Amino acid sequence: MALRGVWQLQKLIVSCCDWGGSSRGIGEFLESQLLAFKEKNPQLEVIAELNRGHHPFLKGLYRNKNERVVCVKNMTPEDVHQCATRLRNALGRKAVKLKTRHVTKHPSVQGTWTTDLQM
Amino acid sequence: MANRRCIQNLNRHFQFLRTRTPHLNPQFLAPTSKFTLHPAFTPKSLHRLFNSNDINAQSVVFRHFCSKNRNDDTDEEEEDEDDDDDYESEGQDIESADDERENETAALSPEDKEKEAAEIGYKVISPLQKSDRVFKPYEPVFAVVQIGSHQFKVSNGDCIYAEKLKYCNVNDKLILNKVLMLGSKTQTIIGRPILPDAAVHAVVEEHALDAKVIIFKKKRRKNYRRTKGHRQELTKLRITDISGIEKPENMPSLKTEKKEKIPSLKTEKKEKQEKMPVAA
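I will try to describe carefully the structure that is included in this document. The structure displayed is predicted, hence computed values, not measured ones.

Here is what the cut-offs are and how they apply
- Residues numbered from 1 in each chain as written.
- Chains lettered and ligands numbered in written order.
- Predicted model: local features only at pLDDT ≥ 70, side-chain atom pairs only at ≥ 80, totals over all residues.
- Heavy atoms only, no water.
- Core = buried A, V, L, I, M, F, W, Y, C linked by side-chain atoms within 4.5 Å.
- Buried < 20%, exposed > 50% of the residue type's maximum accessible area, 1.4 Å probe, protein only.
- Helix = DSSP H or I, 4+ residues; strand = E, 2+ residues; numbered from the N terminus.
- Contact = heavy atoms within 4.5 Å.
- Pairing = 2+ DSSP bridges.
- Axes fitted to C-alpha atoms, helices over the stretch in contact; angles between N-to-C directions.

### Focus: the nonpolar core
- One finds Ile147(B), Val179(B), Leu182(B) and Val200(B) to be the most contacted residues of the largest nonpolar core, which totals 23 residues.
- Of all elements in the fold, only strand E2 (142–147), strand E3 (150–155), strand E4 (159–163), strand E5 (173–176), strand E6 (179–183), strand E8 (199–209) and strand E11 (233–243) of chain B reach the threshold of two or more residues within this core.
- In this structure Val200(B) touches Ala143(B), Val145(B), Val154(B), Leu174(B), Ile175(B), Leu176(B), Val179(B), Ile239(B), Asp241(B) and Ile242(B), once residues within four positions along its chain are discounted.
- Val14(A), Leu34(A), Cys83(A) and Ala84(A) belong to the second-largest nonpolar core, a separate cluster that totals 19 residues.

Put into structure tokens, the structure is as follows:
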């Protein structure tokens, strides 16, 4: 996600538990793939936290002060990587149903058509 | 099991061919008997033999005798073959399908294949931008661009939500090369069907999921109700530049001329409205 070239995800908090079984996938992700993920995204601040007694989650903090929390309990490391990539790829905006697939400020170049237009 | 089934089907094909191409019989009589005895023959080598006979559509027909135990791999292979058939030359269809199959099973296709797949969606990736001044102010030029099966009328600075473009990352520069029409204030260029020299530059802004759509099925009085959630994967592109048409060079005037601008703008608008029907 990059709005006009500016990355929108500022911080990614990876929180897991070292005891619980639901954190197994994210534990493996932390050991194996997290470094590669960090190197791919140098602009991103990745923090690994220990949160005992709770299910693991990924928390993304965006430039528009929006927080997106994704629970990754019982996920494989590949799934966790995909979740992290999705958070990185998205803007911080809420997932609203799109009105149009084409957003523009200048809808007409040659003039809007009217019924009175004489060619 | 799947191998044996494949070979049985291919056997049938071979026999069909034998009847069709009698002049090739002496060469192939021996192999046919061998084929029934060697289940270790991979479909690949059989395909390569077939190539010389110029079988194109028929080679894909061996799907007739599918059973429930079909693996996912074989399904993917068939889909790959279909996709390749569309855009590659006929003789190379089956070989490239085989190559794709091999590479897909390795979970990484070589860059050339990715580029070809990108061309299906009519985009070419250029390297990531690093402090480029790509985002220009608005220019009164539009283009009609096709991505996949959807067409968009696009201008500088617009945002487009297209279907997920597989082989590009966020903050990549793209060139959309399937341009169907270009237009400006004074000129319109119509492609038949594409304009070869035109290009539209875009930057990938995000790959995100759309809002959830709930697919609800119900048959009343029949105790049938199904609920399914679906989130479509979209790519947001920001259009930065349109090339291939002459752009009008009207530099916006500076602060001192603001007051003079306003009455002049109104007259210009009227003139433009009169101009456009003539030009268009």
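So that's the structure; there's more coming.
### Observations concerning the sheet that holds strand E4 (residues 45–50) of chain A
Residues and elements named next belong to chain A.
- Here we have four strands laid out as an open sheet, ordered E4-E3-E5-E6, and mixed in their pairing. Both edges of this open sheet fall to E4 and strand E6 (67–71), since each of them pairs with a single strand only. For this sheet, the mean angle separating the axes of adjacent strands, direction not counted, is 15 degrees.
- Here strand E3 (residues 9–16) runs beside strand E5 (residues 57–62); their pairing, made up of six bridges, is antiparallel. In the sheet register, Ile-13 faces E5, and the bridge partner there is Lys-59.
- Lying over the sheet, helix H1 (residues 24–32) contacts E3, E4 and E5, oriented at roughly 125 degrees with respect to E3.

### As for the environment of Val124(B)
- Counting through the fold element by element, Val124(B) comes out in strand E1 (residues 124–126).
- Spatially, the C-alpha atoms of Val124(B) and Cys168(B) are 9.2 Å apart, while their sequence positions differ by 44 residues.

### Structural notes on unusual backbone geometry
- Residue Pro193(B) is reached from Arg192(B) by a cis peptide bond, and omega for that bond is -20 degrees.
- Counting through the fold element by element, Pro193(B) comes out in the loop between strand E7 (188–190) and E8.
- Its identity is not glycine, yet Asn74(A) carries a phi of approximately 60 degrees, on the positive side.
- Positionally, Asn74(A) belongs in the loop between E6 and helix H3 (77–89).
- Although it is not a glycine, Asn171(B) sits at a positive phi angle of roughly 65 degrees.
- Along the chain, Asn171(B) turns up in the loop between E4 and E5.

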